[in-house]
Amino acid sequence: MSCEPLTRCEVFGQLRRELYGLEHSSTHVFIILGASGDLAKKKIYPTLWWLFRDGLLPRDTYFVGFARSKLTVEDIKAACLPHMKVPGVLDIWCNIVDYLGCFFWKHCFDISPQVTDKDIECLSAFFSKNSYLSGKYDDGSSFTQLDSHLSSLPGAAEAKRLFYLALPATVYQHVSTNIRDYCMSRKGWSRVIVEKPFGRDLQSSEELSAHLSSLFTDDQIYRIDHYMGKEMVQNLMVLRFGNRIFGPIWNRNSVACVVLTFKEHFGTQGRGGYFDDFGIIRDVMQNHLLQILCLVAMEKPASTSPDDVRDEKVKVLKCVAPVAATDVVLGQYLGNPEGEGYSKLGYHDDPSVPEGSCTPTFATAVLYVRNERWDGVPFILRCGKALNERKAEVRLQFTDVPGDIFGERCQRNELVVRVQPDEAIYLKMMTKRPGVDFSPEETELDLTYRSRYKNVELPDAYERLILDVFCGNQMHFVRSDELREAWRIFTPLLHHIEGERNQPIPYTYGSRGPDEADDLMKRVGFHYEGTYKWAKPHPT
């Protein structure tokens, strides 16, 4: 047996064979519907490029863009390059940046002055497999032309087809119907990726699900929530079910409350018109945070098969009652007169926001899982824009130590899973302060990924999920019954908010949000002492 180390190409080739088996040599076609939009240029095309660059896609994979705009592949290329993290992009782009003399753009796009021949060759190979068609989403003849183009690609007779709907939900029905009528693969499988929002409430979601189910089988539908592709979100199952120490304490006997947080440090910044149609609850809480709640609260599945995992998530959701309006605090940000740039502007200063809008940009809600494991434990969901920091985390706060002998100087233990930024798992605990005295001090056991896994580059969430679609793994995608339960929980609250049209509580851009949200958390049992701040570990 040879002891020679595998080359990078051989390593990825072996991984590709493990992922796809015999399918790695068959033709696949990835169709991006809405190829001219922000999602396509900022996420979908860059993700496909990264997977292509690393050799993780089947060998013969082609990419076809479709949108209403009259574009070329060169137009797509120019729009996507700033987001593709190429270590030195094409000369024309570098020349433009140099001409503008703009340090900001160079910094944001990480443009280096040198482009290796290998970079150019790989990038050229990727775009050589790209094509683009323009057409109307509600026009059958446009999809007939699309199908003709797909059928003209090499190996098309038995090609597998993946359709990504990077589109507004308003055109889903037209597009999905036309895909089913005109563009399904003749001999290979076809899969459809649907972006959130999956409806606006329970009724509209059910109508969309019924429509999709009338066209495709369950194993063809992939409802994508990119948060399910985050490293630390996927780590929750391993953390819980791969460690003996957490099993006995992961319940109402030891956990005082669970806090799920999603904070953004920027506002709508010109996208207020889009955001105002949905609000923070539909945009973040009903999907991202509720998905994380399921992973924290669910029972151990029988296996890691997609249906076993999703069965347990649905069981959790069925135990959650609709959110009560009395357990919710809503906020809307105002400009900070002492701030700079966008921070001076409030939500209503965004020209795309309708006058008098009551759409919340901040929400804190308390949910309860009424089952044997969690009965009485508050699950606090917090999310908002224009806050004091960018952060997403899971925080389990444990109950007080009974029989305190340290004069109330001990704080509650907390297990924190930091999803972003600076992925980490740390346990807040009490220890003796170093020295001659006998005083307890709050500290942490810290697993920060950047320190522990120095040379590991974590894949983007979309990379994981799109790779899952190629492999046919639906574990991290939302099933229709799961979606139904999620909307059941939030629809009454959403209808109440839109019916009452009360103005949310104002909070200042760059603050922690409304004080009333902290009061709600305190009322349901969360203890915030304000004495501890997680510190990034020193590099070694």
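Relevant structure appears above.
Residues numbered from 1 in each chain as written. Predicted model: local features only at pLDDT ≥ 70, side-chain atom pairs only at ≥ 80, totals over all residues. Heavy atoms only, no water.

Participant: Pulling in residues and values, what's your account of the side chain of serine 254?
Facilitator: By secondary structure assignment, the location of serine 254 is in the loop between helix 10 (231-241) and strand 7 (255-263). Accessibility expressed as a relative area gives 18% for serine 254, which makes it buried. Setting aside residues no more than four positions away along its own chain, serine 254 makes contact with Pro248, Ile249, Phe398 and Thr399. (Helix = DSSP H or I, 4+ residues; strand = E, 2+ residues; numbered from the N terminus. Buried < 20%, exposed > 50% of the residue type's maximum accessible area, 1.4 Å probe, protein only. Contact = heavy atoms within 4.5 Å.)

Participant: Describe the sheet that holds strand 6 (residues 221-224), listing the residues and the values that go with them.
Facilitator: Within a sheet, adjacent strands bond to each other through the backbone by hydrogen bonds, running parallel or antiparallel. Pairing is parallel in the open sheet, where six strands are placed in the order 3-2-1-4-5-6. Looking at the sheet topology across the chains shown, the edges are occupied by strand 3 (130-134) and strand 6. Within the sheet, the average angular offset between the axes of one strand and its neighbour, ignoring direction, is 20 degrees. Strand direction decides the pairing type here: strand 5 (residues 190-195) and strand 6, joined by four bridges, are parallel. Residue isoleucine 193 lies in a different strand from strand 6, and its bridge partner there is tyrosine 222. (Pairing = 2+ DSSP bridges. Axes fitted to C-alpha atoms, helices over the stretch in contact; angles between N-to-C directions.)

Participant: If you had to explain the nonpolar core to someone new, which residues and values would you point to?
Facilitator: Counting residues in hydrophobic clusters, the biggest one holds 148 residues, and the most contacted among them are Phe30, Leu33, Ile281, Leu293, Leu367, Phe379 and Phe490. If you tally residues by element for this core, the top one is helix 12 (residues 279-297), at twelve residues. Those residues in contact with leucine 33 that sit more than four places away from it in its chain are Phe66, Phe143, Phe163, Tyr164, Leu165, Ala166, Leu167, Val175 and Ile179. (Core = buried A, V, L, I, M, F, W, Y, C linked by side-chain atoms within 4.5 Å.)

Participant: Can you tell me about helix 10, naming the residues and giving the values?
Facilitator: If you check which residues of helix 10 are buried, you get Met232, Val233, Asn235, Leu236, Met237, Leu239 and Arg240. Looking at the buried side of helix 10, the elements it contacts are helix 12, helix 13 (306-318), strand 11 (391-398), strand 12 (414-420), strand 13 (424-432) and helix 14 (449-452).

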